[in-house]
Amino acid sequence: FAPLAGAVSAIVSASGAPIGVSLIELGGTEPAVWSAGGSVAMDAASTYKLPALMAEAQRIADGSVIPAGTVCYQDSDWEDGWFQEYTAGDCYSRGELAERAGRFSDNTAGHMLVRDLGGASALNAYAAGLGATDSSFFELNQTTSDDLARLLAAEASGRAGGPKAQLWLYPYLTQSRFESGIPAGVPAGTLVIHKTGELDPEVNDAAIVSGGHSGAYVLVVMTNGVGGDTAWAVIAQLSAAVWAYEATR
C-alpha cells in the first residue's frame, strides 16, 4: 500500500485537517486492510444511520420484522432535517423510513429507526457485533473510519443478513442526495453504495465501491475541520486516488 499511502498523505497534508481514511479490498480469500488515521474517533454525524439501516435489513432478512411494518412518529423523534411534515401519531413503513434516512439522510427518520431497533444500546450492541467496537453511535455519536469500514465489509461479505438484507438495503444507499464525495471520485456509472454524514465542520462518507479493476472495495473517509464544499472535494480527491491505486493492483 506504499504508493497509496503517499498519495493519501499528500492530499491530507494539503487539506490541513485531521482526516481518517480506511480501505478494505474485498477480493481474495482474506480481505486486505489499510488505513491512515483510521482509529481516530470523530463525530459520526449521520453515519449512525448506516448500522441502523443494516440492523433493520438483517431483521427483515431473518423474518423477525417486515418492510411494510409501521413505526409511528413521537414528538421525541424530532430533529430538523430533510422532511418537516411529521405529526404525532403519523405512521411510516420501515421501507419509507429507510428511504428517508438512507437516500435523504433525514434525521427524524433516523431517530425512528433507532427507536424501532430498541434504542441506542441495541444499535451499539449490533454494531459492536460486526466489529465496530470503538464507536458509540447515536448518543455520544462518535465512530472511526476503521469501524465504519468494518461494518460495510460485514455487509458486503454477507455477515449482516446475506443477499436478502442486501437486496432490501442497497437501493436506499445508492443515488442519494449526497453524491459529491466518494461517488464523484470514480468513473461515471460505477456502483457506489454509501452513507454520508455532515455536521459542519465534519463531513464523512462510507462506501462499498463496485467495479474496480481488482474488484469491489470498501472506502471510508472521515474529515474534521474542513467542512462544506471543500470537504466534499477532498473526499472526492481521496476517492479518485484510491480508484487509481486499485487500477494498478
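Further up the page is the structure itself.
Read on for a plain summary of the structure.

Cut-offs used in this document
- Residues numbered from 1 in each chain as written.
- Predicted model: local features only at pLDDT ≥ 70, side-chain atom pairs only at ≥ 80, totals over all residues.
- Heavy atoms only, no water.
- Helix = DSSP H or I, 4+ residues; strand = E, 2+ residues; numbered from the N terminus.
- Rg over C-alpha atoms; globule rule 2.2 N^0.38 Å.
- Buried < 20%, exposed > 50% of the residue type's maximum accessible area, 1.4 Å probe, protein only.
- Contact = heavy atoms within 4.5 Å.
- Areas by Shrake-Rupley, 256 points an atom, 1.4 Å probe, with all protein chains shown as cover.
- Lys, Arg positive; Asp, Glu negative; His and termini not counted.
- Charge placed at Lys NZ, Arg CZ, Asp CG, Glu CD.
- Axes fitted to C-alpha atoms, helices over the stretch in contact; angles between N-to-C directions.
- Parallel < 35°, antiparallel > 145°, perpendicular 65-115°, else oblique.
- Left-handed = near helix turned anticlockwise from the far one by under 90°.
- Disulfide = S-S within 2.5 Å.
- Salt bridge = Lys/Arg side-chain N within 4 Å of Asp/Glu carboxyl O.
- Pairing = 2+ DSSP bridges.

We now examine the overall build of the chain. Within the chain, the regular secondary structure consists of eight helices and nine strands. In terms of overall size, the chain behaves like a compact globule, its C-alpha atoms giving a radius of gyration of 17 Å where 249 residues would be expected to give roughly 18 Å. Dimensions of the chain, computed from C-alpha atoms along their principal axes, come out at roughly 55 × 35 × 35 Å. Considering the chain as a whole, with its 249 residues, one finds that 54% of them fall into the buried category. For the chain, the share of sequence-separated contacts (at least 6 apart) that also reach a separation of at least 24 residues comes to 63%. Summing over all exposed atoms, the chain offers an accessible surface of approximately 9800 Å²; the carbon and sulfur share of this is 54%. Considering the chain, the positive charge centre built from 12 side chains and the negative charge centre built from 27 side chains are found 7 Å apart.

Let us now look at the packing of helix H2 (residues 49-61) against helix H3 (residues 94-103). Where H2 contacts H3, the two axes come as close as 11 Å, and the packing angle between them is 155°. Relative to H3, the element H2 lies roughly antiparallel. Here H2 and H3 pass one another in a crossing that is left-handed. Of H3, the residues touching H2 (which contributes Lys-49, Leu-53, Glu-56 and Arg-59) are Arg-94, Ala-98, Ala-101 and Gly-102.

Turning to the state of the cysteines, a few remarks are in order. On inspection of all chains with the given rule, the structure shows one disulfide. Disulfide partner of Cys-72: Cys-91, at an S-S distance of 1.9 Å. Given an S-S torsion of about 90°, the disulfide between Cys-72 and Cys-91 has right-handed geometry. A residue pair is termed long-range when its members are at least 10 positions apart, and Cys-72 in strand E4 (residues 70-72) and Cys-91 in strand E5 (residues 91-93) qualify at 19 residues.

What follows deals with the environment of Tyr-73. Residue position: Tyr-73 is located in the loop between E4 and E5. In this structure, the C-alpha to C-alpha distance between Tyr-73 and Ala-109, residues 36 residues apart in sequence, is 8.8 Å. Excluding residues within four positions of it along the chain, Tyr-73 makes contact with Trp-78, Tyr-86, Thr-87, Ala-88, Gly-89, Asp-90, Tyr-92, Thr-108, Met-112 and Arg-115.

Summed over the entire model, instances satisfying the criterion amount to eight salt bridges. Among the ionic pairs, Asp-147 bridges to Arg-150, the shortest N-O distance being 2.5 Å. In this pair, Asp-147 and Arg-150 both sit in helix H6 (residues 145-156), three residues apart, roughly one turn of the helix. When its relative accessible area of 30% is taken as the criterion, Arg-150 is described as partly exposed.

It is worth spelling out the sheet that holds strand E7 (residues 192-199) at this point. Sheets are built from strands that pair by backbone hydrogen bonding, the pairs being arranged parallel or antiparallel. The sheet built from five strands is open, its strands ordered E2-E1-E9-E8-E7 with antiparallel pairing. Two strands in the sheet have a free side with no partner beyond their single neighbour: strand E2 (32-36) and E7. Looking at each pair of strands side by side, their axes are set apart by 5° on average, direction ignored. The pairing of strand E8 (residues 202-209) with strand E9 (residues 217-224) spans eight bridges and is classified as antiparallel. From the neighbouring strand, Asp-205 faces E9, where its bridge partner is Val-221.

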